[in-house]
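Geometric and topological summary
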Amino acid sequence: GDSVTQMEGPVTLSEEAFLTINCTYTATGYPSLFWYVQYPGEGLQLLLKATKADDKGSNKGFEATYRKETTSFHLEKGSVQVSDSAVYFCALSDRGGADGLTFGKGTHLIIQP
Amino acid sequence: DTAVSQTPKYLVTQMGNDKSIKCEQNLGHDTMYWYKQDSKKFLKIMFSYNNKELIINETVPNRFSPKSPDKAHLNLHINSLELGDSAVYFCASSQSGTGPLGTQYFGPGTRLLVL
């Protein structure tokens, strides 16, 4: 079946540091890929997405590129802020979402001032 | 103008009780979902439902049942609540199809605590 593997945290960085959160996937079809973010005590918000190979999703300074050859969708940001502290989930949608999203286990990011 | 809403936000109840969580979406989507997030933050699909098909994750106990009065609503009914049902339950919706259409939008979650 489908699966998503992402680095487990917590990941602790200083403000203005460069961020990479790794995500790799296995899927039977040709999935769409997503990053969701969950701030403390809140629900899931879509951060960015990519629906085909070599697509780059971007939002709020975050970027991720759909790499079919390495089955990866790593999340990056050039300069993190304290307000970026949250849990980040990599996810895939196969079969048009009929089976729901398959999530990674989430990466807890802590940014220190 | 909330896109996906859930009620209640918090639910504290005793073991053995029956409870329902409500979900509504105003995005005009045709597919809705329920997810469970455990204490370690792991998210797992429970159900996906549109007017044609209900897909049930085989690991979900039959004490859990989705009920959809119309396309904009998908409620979750839970019978005989157990301690292990304590979790955060998220509703989501999307428009069926592949690519960008498959993007799911989530509600704020319902935090269920079974005592």
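Just so you know, these numbers come straight off a predicted model, no measurement behind them.

Cut-offs used in this document
Numbering of residues begins from 1 in every chain and follows the order in which that chain's sequence is written. Chain labels run from A onward and ligand labels from 1 onward, assigned in the order the entries are written. In keeping with the model being predicted, local features are shown solely for residues with a pLDDT of at least 70 and side-chain atom pairs are shown and tallied solely at 80 or more, while totals for entire chains, interfaces and linings include all residues. Think of the side-chain values as coming from all heavy atoms in the structure, minus any hydrogens and water. Within the patch definition used here, like charges are joined within 9 Å and nonpolar side chains (Val, Leu, Ile, Met, Phe, Trp, Tyr) within 5 Å, considering only residues with over 30% relative accessible area and no salt bridge. The method behind every accessible area is Shrake-Rupley, applied with a 1.4 Å probe, and residues are considered shielded solely by the protein chains displayed. The salt bridge definition used is simple: a Lys or Arg side-chain nitrogen within 4 Å of an Asp or Glu carboxyl oxygen. Strands here are runs of E lasting at least two residues and helices are runs of H or I lasting at least four, both read from the DSSP assignment and numbered beginning at the N terminus. Burial here depends on accessible area, computed with a 1.4 Å probe over protein chains only, as a share of the maximum for the residue type. Under 20% is buried, over 50% is exposed, and the range in between is partly exposed. Whether two residues are in contact is decided by their heavy atoms: any pair within 4.5 Å suffices. Any pair of cysteine sulfurs within 2.5 Å is marked as a disulfide.

**Things to note about a nonpolar patch on the surface**
- On the surface, Val12, Leu113 and Leu115 of chain B cluster together into a nonpolar patch covering about 270 Å² of accessible area.
- Tracing the chain through its elements places Val12 of chain B in strand S2 (residues 10–13).

**Details of the environment of Gln112 of chain A**
All names here are of chain A.
- Tracing the backbone shows Gln112 in strand S12 (residues 107–112).
- Exposure remark for Gln112: the relative accessible area of 43% places this residue in the partly exposed category.
- Apart from the residues within four sequence positions on either side, Gln112 is in contact with Thr12, Leu13, Ser14, Glu15 and Val82.

**Some words on the state of the cysteines**
- Summed over all chains, the structure comprises two disulfides over all chains.
- The disulfide partner of Cys23 of chain A is Cys90 of chain A, and the gap between their sulfur atoms is 1.9 Å. Its S-S torsion of about -70° marks the bond between Cys23 of chain A and Cys90 of chain A as left-handed, since a negative value means left-handed. Linking Cys23 of chain A in strand S4 (residues 23–26) with Cys90 of chain A in strand S10 (residues 86–93), this pair joins segments that are 67 residues apart in sequence.
- Taking the relative accessible area as the measure of exposure, Cys23 of chain A reaches 1% and is therefore buried.
- With relative accessibility at 1%, the residue Cys90 of chain A sits in the buried group.
- Paired by a disulfide, Cys23 of chain B and Cys91 of chain B hold their sulfur atoms 1.8 Å apart. A torsion of -75° about the S-S bond marks the disulfide between Cys23 of chain B and Cys91 of chain B as left-handed. Remark: Cys91 of chain B occurs in strand S9 (residues 87–94) and Cys23 of chain B occurs in strand S3 (residues 19–25); sequence separation between them is 68 residues.
- Owing to a relative accessible area of 0%, Cys91 of chain B belongs among the buried residues under this scheme.

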